[in-house]
Amino acid sequence: MKVAYIDQYKETFGVQPICDVLAETDAPIAPSTYYDGGNRPPSDCSLRGTTWPAARSSASYALPVCAG
C-alpha cells in the first residue's frame, strides 16, 4: 500500500520527500526499502498463499505456517 502510494506521487514529489513525510506518521518507510521491494523474489508465504496469523495469544508463540 505504501509502495503504491509512493509510485503514484514519486514523479511529482520524489521518493525521498515522500518518505520524509511518511516518517512523521505511523506508516514510515525508508527509501531503500521502497527501492529494494521490487528487487526481491516472492517470499515462501506469498508463493503458498499463506500469511502470518492475524493475532496470537500471549501464551502462544508458535511459528506461523509460512515459517521455515
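Visitor: Could you give me a rundown of the environment of Ile29, with the residues and numbers involved?
Guide: As for its placement among the helices and strands, Ile29 is situated in the loop between α2 (15–22) and α3 (31–37). For Ile29 and Lys2, which are 27 residues apart along the polypeptide, the C-alpha to C-alpha distance reads 7.6 Å. Contacts of Ile29, omitting those with residues within four sequence positions, involve Lys2, Val3, Ile6, Cys19, Leu22 and Tyr34.

Visitor: Provide a residue-level description of the pattern of salt bridges, including the pertinent values.
Guide: Under the criterion given, the structure shown has 1 salt bridge. Between Asp7 and Lys10 there is a salt bridge, and its shortest N-O distance comes to 3.8 Å. With Asp7 and Lys10 both in helix α1 (residues 2–13) and 3 residues apart, the pair spans about one turn of that helix. We classify Lys10 as partly exposed; its relative accessible area is 30%.

Visitor: I'd love a proper account of the environment of Ile18, names of residues and values included.
Guide: For Ile18, the position within the fold is in helix α2. Sequence spacing of Ile18 and Ile6 is 12 residues, and the spatial spacing of their C-alpha atoms is 6.9 Å. Ignoring sequence-local partners within four residues, the contact set of Ile18 consists of Tyr5, Ile6, Tyr9, Lys10 and Phe13.

Visitor: Now, about the packing of aromatic side chains: what can you tell me, with residues and values included?
Guide: Enumeration over the complete set of coordinates arrives at 3 aromatic pairs. Measuring from ring centre to ring centre gives 5.0 Å for Tyr5 and Tyr9, while their planes differ by 50 degrees; the resulting arrangement is tilted. Here the residue Tyr5 and the residue Tyr9 both occupy positions in helix α1, the gap between them amounting to 4 residues, near one helical turn. We classify Tyr5 as partly exposed; its relative accessible area is 40%. Overall, the relative accessible area of 29% leaves Tyr9 in the partly exposed class. When the centroid spacing of 6.2 Å and the interplanar angle of 45 degrees are considered together, the rings of Tyr9 and Phe13 count as tilted. Of this pair, Tyr9 and Phe13 both sit in helix α1, 4 residues apart, roughly one helical turn. Through pairs of rings, three or more aromatic residues link up here, namely Tyr5, Tyr9 and Phe13.

Quick notes on the rules
Residues numbered from 1 in each chain as written. Predicted model: local features only at pLDDT ≥ 70, side-chain atom pairs only at ≥ 80, totals over all residues. Heavy atoms only, no water. Helix = DSSP H or I, 4+ residues; strand = E, 2+ residues; numbered from the N terminus. Contact = heavy atoms within 4.5 Å. Salt bridge = Lys/Arg side-chain N within 4 Å of Asp/Glu carboxyl O. Buried < 20%, exposed > 50% of the residue type's maximum accessible area, 1.4 Å probe, protein only. Phe/Tyr/Trp six-rings, centres within 6.5 Å; stacked < 30°, edge-to-face > 60°.

Any functional reading would require information that these geometric values do not contain.
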